[in-house]
Amino acid sequence: MSSIFTKIINGEIPCYKIAEDENYLAFLDVNPNAIGHTLCIPKQEINKIFDLDESAYMGLMQFSRKIAIALEKAVPCKRIGMAVIGLEVPHAHVHLIPLNEMDEMRFQNKVTLTKEAFEALAVSIQGCL
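Residues numbered from 1 in each chain as written. Predicted model: local features only at pLDDT ≥ 70, side-chain atom pairs only at ≥ 80, totals over all residues. Heavy atoms only, no water.

Participant: Could you give me a rundown of the sheet that holds strand β1 (residues 17-20), with the residues and numbers involved?
Facilitator: If you trace the five strands from one edge of the open sheet to the other, you get β1-β2-β3-β5-β4, paired in antiparallel fashion. Each end of this open sheet is capped by a strand with a single partner; those strands are β1 and β4 (79-83). For this sheet, the mean inter-axis angle between neighbouring strands, taken without regard to orientation, is 20°. Summarising the sheet, β4 and strand β5 (residues 94-99) pair through five bridges and their orientation is antiparallel. Looking at the pairing, R79 lines up with L99 of β5. Helix α3 (residues 115-126) contacts β1 and β2 (24-28) of the sheet and is inclined by roughly 35° relative to β1. (Pairing = 2+ DSSP bridges. Helix = DSSP H or I, 4+ residues; strand = E, 2+ residues; numbered from the N terminus. Axes fitted to C-alpha atoms, helices over the stretch in contact; angles between N-to-C directions. Contact = heavy atoms within 4.5 Å.)

Participant: Now, about the environment of L129: what can you tell me, with residues and values included?
Facilitator: As for its placement among the helices and strands, L129 is situated in the segment after α3. Spatially, the C-alpha atoms of L129 and L71 are 8.4 Å apart, while their sequence positions differ by 58 residues. Apart from residues lying up to four places away in sequence, L129 is in contact with I18, A19, K66, I67 and A70.

Participant: How would you summarise the side chain of H93 if you had to cite specific residues and measurements?
Facilitator: Among the secondary structure elements, H93 is positioned in the loop between β4 and β5. On the basis of relative accessible area, H93 is assigned to the buried category, the value being 1%. Within the local environment of H93, its side chain forms a polar contact with the side chain of E88, the two groups lying 2.9 Å apart. A distance of 2.6 Å separates a polar side-chain atom of H93 from the backbone oxygen of H91. (Buried < 20%, exposed > 50% of the residue type's maximum accessible area, 1.4 Å probe, protein only. Polar contact = N/O pair within 3.5 Å; in protein donor to acceptor, adjacent residues only side chain to side chain.)

Participant: Give me the pairing of β5: which residues, what numbers.
Facilitator: For β5, a buried count of six out of six residues is recorded, marking the element as mostly surrounded by other parts of the structure. Of the two faces of β5, both are covered, the one formed by V94, L96 and P98 as well as the one formed by H95, I97 and L99. The pairing of strand β3 (residues 38-42) with β5 spans three bridges and is antiparallel. Paired with T38 across the bridge in β5 is L96.

Participant: Got a sec to walk through the pattern of salt bridges? Specific residues and values, please.
Facilitator: Taken as a whole and assessed by the stated rule, the structure comprises four salt bridges. When the shortest N-O distance is used, the salt bridge between K17 and E20 registers 2.7 Å. In the salt-bridge network here, residues are joined through shared partners; they are K17, E20 and K43. (Salt bridge = Lys/Arg side-chain N within 4 Å of Asp/Glu carboxyl O.)

Participant: Go over unusual backbone geometry with me, naming the residues and quoting the values.
Facilitator: Glycine aside, a negative phi is what most residues show, and trans is what most peptide bonds show. Its identity is not glycine, yet F107 carries a phi of approximately 60°, on the positive side. Checked against the element boundaries, F107 lands in the loop between β5 and α3.

Participant: Would you mind going over the environment of N23 in detail, with residue names and values included?
Facilitator: By secondary structure assignment, the location of N23 is in the loop between β1 and β2. Between the C-alpha atom of N23 and that of F5, which follows or precedes it by 18 residues, the distance is 13 Å. For N23, the residues in contact, after removing those within four places along its chain, are I41, P42 and K43.

Here's what the structure looks like:
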């Protein structure tokens, strides 16, 4: 059975896309820890990040770095935090979270955005790529 991320990649489920290339996709987390919380995923469905071959792993990190730099330009924050947890979706992914305080990395407090706010945020980050 396809993961929710594979369904997003295949266009079966919509997302607030930030960037995409032939191997990776970045989109806003719809249940964000902070405004701008972004997920970077390989298009290849691999459950665990360290099961990616070295080339795919390094590619994901390079792609995530590019997104993080744009994210930091678009969203006021002290820094961009990165987390790889992988328990909630069986598809390797990197969380990029704009941080102003440590609690934003705890995955407990969430922020709520309207559809329009998500769309405007995605466009803003895309403009910083």
